[in-house]
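These are the residues of each chain, in order.
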Amino acid sequence: MDDGLVRAGRALRAVVLVVLALLFLIPFYLLVRNGLSSEQDITSPEWAFFPRELRWGNVRELFDDPAVPFARSLLNSALIAVATTLGTLLLASLAGYGLARIPYRHANKVFYGILGTLLVPAAVTFVPTFVLVSSLGWVSTLRGLIVPTLFSAFACFVFRQYFLGFPQELEDAAQVDGLGHWRTYWLVVVPNARPVFAAVGTIVFLGAWNSFLWPLVIGQDQNAWTVQVALSSFTTAQVVRLHELFIAAGISILPLLVVFLCFQRWIVAGVERSGID
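No experiment lies behind these values; they were computed from the predicted model shown.

*Asks:* I'd like a rundown of a nonpolar patch on the surface, residues and numbers included.
*Replies:* Where nonpolar side chains cluster on the molecular surface, the patch consists of Leu 12, Val 15, Val 16, Leu 17, Val 19, Leu 20, Leu 23 and Ile 26 and spans about 730 Å² of accessible area. Tracing the backbone through its elements, the reader meets Val 19 in helix α1 (residues 3-35). The class for Val 19 is partly exposed, based on a relative accessible area of 43%.

*Asks:* Could you give an account of the nonpolar core, with specific residues and numbers?
*Replies:* Among soluble globular proteins, nonpolar side chains are generally buried collectively. Formed by 23 residues in total, the largest nonpolar core has its most connected members in Phe 159, Phe 163, Val 196, Phe 197 and Val 200. Of all the secondary structure elements, the ones that give two or more residues to this core are α4 (70-101), α5 (107-116), α8 (153-164), α10 (181-189) and α11 (194-210). By residue number, the principal contributor to this core is α8, which donates seven residues. Filtering out sequence-adjacent residues up to four positions away, Phe 197 remains in contact with Leu 89, Ser 93, Phe 159, Tyr 185 and Val 190. Counting residues in each nonpolar core, the second largest holds 22 residues, with Leu 62, Trp 209, Trp 225 and Val 229 among its members.

*Asks:* Quick rundown of the side chain of Ser 73? Include the residues and the values.
*Replies:* Looking at where Ser 73 falls in the secondary structure, it is placed in helix α4. Judged by its relative accessible area of 0%, Ser 73 falls in the buried class. Sequence-distant contacts of Ser 73, that is, excluding residues within four places in its chain, are made with Trp 225, Thr 226, Val 227 and Ala 230.

*Asks:* Can you break down the packing of α1 against helix α14 (residues 242-252) residue by residue, with the values?
*Replies:* It is at 8 Å that the axes of α1 and α14 come closest, and there the two elements cross at 135 degrees. Considered as vectors, α1 and α14 are oriented oblique to each other. Relative to α14, the crossing made by α1 is left-handed. On the side of α1, the interface is formed by Leu 30, Leu 31, Asn 34 and Gly 35, while α14 contributes His 243, Phe 246, Ile 247, Ala 249 and Gly 250. Of the residues that constitute the contact of α1 with α14, the class distribution is five nonpolar, four polar and no charged.

*Asks:* Go over the packing of aromatic side chains, please, and point to the residues and values.
*Replies:* Each pair of aromatic rings is reported with the distance of its centres and the angle of its planes. Counted by the stated rule, this structure contains 16 aromatic pairs. A centroid spacing of 6.4 Å and a plane angle of 55 degrees characterise the contact between Tyr 162 and Phe 166, whose relative ring orientation is tilted. Note on accessibility: Tyr 162 and Phe 166 belong to one class, buried. Among the aromatic residues, ring-to-ring pairing joins Tyr 97, Phe 159, Tyr 162, Phe 163, Phe 166, Trp 182, Tyr 185, Trp 186 and Phe 197 into one connected group.

*Asks:* Help me get a handle on the packing of α4 against α10, residues and values and all.
*Replies:* For the pair α4 and α10, the least separation of the axes is 12 Å and the interaxial angle reads 115 degrees. Relative to α10, α4 is oriented so that their crossing is right-handed. Packed against α4, whose contacting residues are Leu 90, Ser 93, Leu 94 and Tyr 97, the element α10 presents His 181, Trp 182, Thr 184, Tyr 185 and Val 189 at the interface. In terms of residue class, the contact of α4 with α10 is made up of six nonpolar, three polar and no charged.

*Asks:* Help me get a handle on the environment of Phe 49, residues and values and all.
*Replies:* Mapping Phe 49 onto the fold places it in the loop between α2 (39-43) and α3 (57-64). Phe 49 sits in the exposed class, given a relative accessible area of 54%. In this structure the C-alpha to C-alpha distance between Phe 49 and Gln 228, which are 179 residues apart in sequence, comes to 28 Å. With sequence-adjacent residues up to four places away left out, Phe 49 is seen in contact with Tyr 29 and Arg 33.

*Asks:* Please provide a residue-by-residue account of α5, values included.
*Replies:* Residues of α5 that are buried: Ala 107, Phe 111 and Ile 114. The buried residues of α5 occupy an angular sector of 60 degrees when projected down its axis, which confines them to one face. When the buried face of α5 is taken as reference, the exposed residues oriented beyond 90 degrees from it are Lys 109 and Tyr 112.

What counts and how
Residues numbered from 1 in each chain as written. Predicted model: local features only at pLDDT ≥ 70, side-chain atom pairs only at ≥ 80, totals over all residues. Heavy atoms only, no water. Patch = residues over 30% accessible without salt bridge, like charges linked within 9 Å, V, L, I, M, F, W, Y side chains within 5 Å. Areas by Shrake-Rupley, 256 points an atom, 1.4 Å probe, with all protein chains shown as cover. Salt bridge = Lys/Arg side-chain N within 4 Å of Asp/Glu carboxyl O. Helix = DSSP H or I, 4+ residues; strand = E, 2+ residues; numbered from the N terminus. Buried < 20%, exposed > 50% of the residue type's maximum accessible area, 1.4 Å probe, protein only. Core = buried A, V, L, I, M, F, W, Y, C linked by side-chain atoms within 4.5 Å. Contact = heavy atoms within 4.5 Å. Axes fitted to C-alpha atoms, helices over the stretch in contact; angles between N-to-C directions. Parallel < 35°, antiparallel > 145°, perpendicular 65-115°, else oblique. Left-handed = near helix turned anticlockwise from the far one by under 90°. Nonpolar A, V, L, I, M, F, W, Y, C, P; charged D, E, K, R; others polar. Phe/Tyr/Trp six-rings, centres within 6.5 Å; stacked < 30°, edge-to-face > 60°. Arc of directions from axis to C-beta.

Here it is in structure tokens:
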């Protein structure tokens, strides 16, 4: 192939990637631009690429707002997301390993039963779950926000698919050394399954951080608000505080960006090895 065509193809590819990257960055630009603007600059019909004055005091105003405990909401979301991720990884990986490796004649039936729960709409189980949590006195508590969301059928499926392809030789060597199923799982399987743990953990963390409906219903006290509930409070029937909403949204996505950038290469590797098309 002619060198000129090769160079032209590479240049065209670079241009396309730059354009796509700029389009991807537009929402982040809007968050920063509007978050550091006044209400007048945001709603002005005359658009300016940057506001006349960058109002860094909007950040302080956000955290000092007595109507919205944003710092507390960030802490709650962090605690919920981390606890949900760790709990889901532990429970789903144990279930997936047991279904894939521990001989049991009803293992497939149990697995199909777990998969069947994915067909049940969340709206069907929402009210019974709320009644159960309320009867336990867990409304407006971290337990009520975390415990009902700990087990994920999807995560169990991913782990089972991964462990079905896990090298049997490693487990056989562990059993020769006298290790049981639990120690084999903890000392052999987990250290060699980091890609799928990172992939599933990232997905669960993102879902827990962005969860809105369940925290809205359970977190009835302001001290139990998550960041998504706090964001919704900036737009009410009485007032819309746009600058606080934009700067709060920008701050709330920073943990997600950090998690994604740290684990993005594991997401693809984990999904590839789990057998999901």
